[in-house]
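Each chain is listed here by its residues.
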Amino acid sequence: MDAVRRIAVVTGAGSGIGRSVAVALAEAGWSLALAGRRADALEGTAELVRASPGGASASSGAQSGASSGASVGGAAREVLCVPTDVTSPEEVAALFAAVREAYGRVDLLFNNAGSFAGGGTPVEELAPETWRQVVDVNLTGAFLCAQAAYRQMKEQSPRGGRIVNNGSISAHVPRPHSVAYTATKHAITGLTRSLALDGRAYGIACGQIDIGNAATEMTRRMEEGILQANGTLAPEPVMDAADVARTVVHMASLPLEANIPFVTVMATGMPYLGRG
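Bear in mind that the values here come from a model prediction, so they are computed numbers and not experimental data.

## Considering the packing of aromatic side chains
Moving on, step 1. On inspection of all chains with the given rule, the structure shows two aromatic pairs.
Moving on, step 2. On the basis of an interplanar angle of 80° and a centroid distance of 6.1 Å, the ring pair of Tyr150 and Tyr202 is categorised as edge-to-face. Placement of the pair is Tyr150 in helix 4 (residues 128-155) and Tyr202 in the loop between helix 5 (179-198) and strand 8 (204-212), with a sequence separation of 52 residues.

## Concerning the nonpolar core
Moving on, step 1. Residues Leu25, Leu32, Leu34, Phe110, Ile209 and Val244 are the most contacted members of the largest nonpolar core, which totals 37 residues.
Moving on, step 2. The biggest single contributor to this core is helix 1 (residues 16-27), with seven residues.
Moving on, step 3. If you look at the next biggest cluster of nonpolar residues, it comprises 29 residues, including Val82, Leu144, Tyr150 and Met153.

## Observations regarding the pairing of strand 6 (residues 108-111)
Moving on, step 1. Alternating residues of strand 6 divide into Leu108 and Phe110 and Leu109 and Asn111, and every residue in both groups is buried.
Moving on, step 2. By the bridge criterion, three bridges tie strand 1 (residues 6-11) to strand 6 in an arrangement that is parallel. Looking at the pairing, Ala8 lines up with Leu108 of strand 6.
Moving on, step 3. Regarding the hand of the β-α-β motif, the stretch spanning strand 6, helix 4 and strand 7 (residues 161-166) is right-handed.

## Comments concerning helix 6 (residues 241-253)
Moving on, step 1. Here helix 6 spans 19 Å end to end across 13 residues, near enough to the 18 Å set by a 1.5 Å rise per residue.
Moving on, step 2. Its buried side turned inward, helix 6 meets helix 1, strand 2 (30-36), strand 6, strand 7, strand 8 and strand 11 (262-266).

## Side note on the packing of helix 3 (residues 89-103) against helix 4
Moving on, step 1. At a minimum axis distance of 10 Å, the contact between helix 3 and helix 4 shows a crossing angle of 35°. Handedness of the crossing formed by helix 3 with helix 4: right-handed. Side by side, helix 3 and helix 4 meet where Pro89, Val92, Phe96 and Arg100 of the first sit next to Leu144, Cys145, Ala148, Ala149 and Gln152 of the second.

## Some words on the side chain of Thr45
Moving on, step 1. With respect to the secondary-structure elements, Thr45 resides in helix 2 (residues 39-51).
Moving on, step 2. In contact with Thr45, not counting residues within four places along its chain, are Ala13, Gly14, Ser15, Arg19, Ala22 and Leu34.

## Observations concerning the packing of helix 1 against helix 2
A pair of packed helices is captured by two measures, namely the crossing angle of their axes and the spacing between those axes.
Moving on, step 1. The N-to-C vectors of helix 1 and helix 2 enclose an angle of 35°; their axes lie 9 Å apart at closest approach. The hand of the helix 1/helix 2 crossing is right-handed. Counting all contacts with helix 1, which are made through Arg19, Ala22, Val23 and Ala26, the residues of helix 2 involved are Ala41, Gly44, Thr45, Leu48 and Val49.
Moving on, step 2. Broken down by class, the residue content of the contact of helix 1 with helix 2 amounts to six nonpolar, two polar and one charged.

## A word on the pattern of salt bridges
Moving on, step 1. In this structure the tally under the stated criterion is eight salt bridges.
Moving on, step 2. Here Arg5 makes a salt bridge to Glu78, at a shortest N to O gap of 2.6 Å. With Arg5 in the segment before strand 1 and Glu78 in strand 5 (residues 75-83), the pair connects residues that are 73 residues apart, well separated along the chain.
Moving on, step 3. Assessed through its relative accessible area of 8%, Glu78 is described here as buried.
Moving on, step 4. Two residues, Asp85 and Arg37, come together in a salt bridge whose shortest N-O distance is 3.4 Å.

## Some points on the pairing of strand 2
Moving on, step 1. Along strand 2, seven of the seven residues are buried, which leaves the element largely enclosed by surrounding structure.
Moving on, step 2. The alternating pattern of strand 2 places Trp30, Leu32, Leu34 and Gly36 and Ser31, Ala33 and Ala35 on opposite faces, both of which are buried.
Moving on, step 3. Pairing geometry for strand 1 and strand 2, over six bridges, is parallel. If you follow Arg6 over to strand 2, its bridge partner there is Trp30.

## A short note on helix 1
Moving on, step 1. With twelve residues, helix 1 ought to run about 16 Å at 1.5 Å a step, and its terminal C-alpha atoms sit 17 Å apart, in line with that.
Moving on, step 2. Considered for burial, the residues of helix 1 that qualify are Ile17, Gly18, Val21, Ala22, Val23, Ala24, Leu25 and Ala26.

Each value, and the rule that gives it
Residues numbered from 1 in each chain as written. Predicted model: local features only at pLDDT ≥ 70, side-chain atom pairs only at ≥ 80, totals over all residues. Heavy atoms only, no water. Phe/Tyr/Trp six-rings, centres within 6.5 Å; stacked < 30°, edge-to-face > 60°. Helix = DSSP H or I, 4+ residues; strand = E, 2+ residues; numbered from the N terminus. Core = buried A, V, L, I, M, F, W, Y, C linked by side-chain atoms within 4.5 Å. Buried < 20%, exposed > 50% of the residue type's maximum accessible area, 1.4 Å probe, protein only. Pairing = 2+ DSSP bridges. Right-handed = clockwise from strand over helix to strand, strands pointing away. Expected span 1.5 Å × (residues − 1). Contact = heavy atoms within 4.5 Å. Axes fitted to C-alpha atoms, helices over the stretch in contact; angles between N-to-C directions. Left-handed = near helix turned anticlockwise from the far one by under 90°. Nonpolar A, V, L, I, M, F, W, Y, C, P; charged D, E, K, R; others polar. Salt bridge = Lys/Arg side-chain N within 4 Å of Asp/Glu carboxyl O.

Next up, the structure:
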């Protein structure tokens with residue numbers, strides 16, 4: 001596997017888990033297409049890829065193509081930055097067109113872009129506009145990217161590939177005042193199951209990683225104190241996002257004859273198994 005160039009698309013790659021996964025995939029020898037709203041954030045991730053063991057060079061923009069980097073395991077490591085709003089069908093189509101032009105195929109999509117807008121807002125106060133924003137990013141955006149990857153994987157030669165959706169502990173149990181986020185993460189589970197079933201005939205595997213309390217900007221407040229189900233505020237332990245990244249790399253490294261449909265990676269001491 002290491003001697004063959006493998007192409008990964010990572011959405012939400014400008015920060016947090018997406019950034020950690022992109023770096024880990026590059027270190028494992030994958031060539032990358034980084035997608036996210038902000039070009040400067042994507043370039044920041046590309047800089048980390050270049051600085052990681054083995055190095056790599058980067059290109060920005062949908063039309064720029066990919067630059068060859070240092071060899072890892074016999075395969076050139078490459079990175080392409082494509083600013084993308086995943087809620088836009090046109091921009092998602094442009095993303096995958098750029099990947100086809102640069103690399104010719106897609107072997108992995110890490111469907112990671114997400115929004116926690118409205119988190120902490122009681123259900124009776126949540127604005128319909130905020131609900132739609134979260135659904136558009138977390139669910140519709142994931143669908144659009146999965147659909148585009150699926151189409152590419154179905155038609156390319158050799159055929160097939162893998163989609164890994166970023167779910168959440170909230171795909172199992174909610175936090176207080178998180179109705180929009182929780183609803184979308186439950187829906188991601190349905191998306192994962194349907195893609196895994198429909199992809200069988202074309203060598204397309206789909207799995208989901210449900211993450212609990214990875215240390216990112218989004219979870220920083222957990223260490224200070226976050227609302228619990230009993231109405232109290234309590235700090236919660238977190239884990240390094242690199243631990244999540246290693247899990248995604250493992251899922252991605254499996255042959256297409258094998259699949260991890262669902263896996264949960266969480267901070268050991270977080271109040272998940274004890275909720276309820």
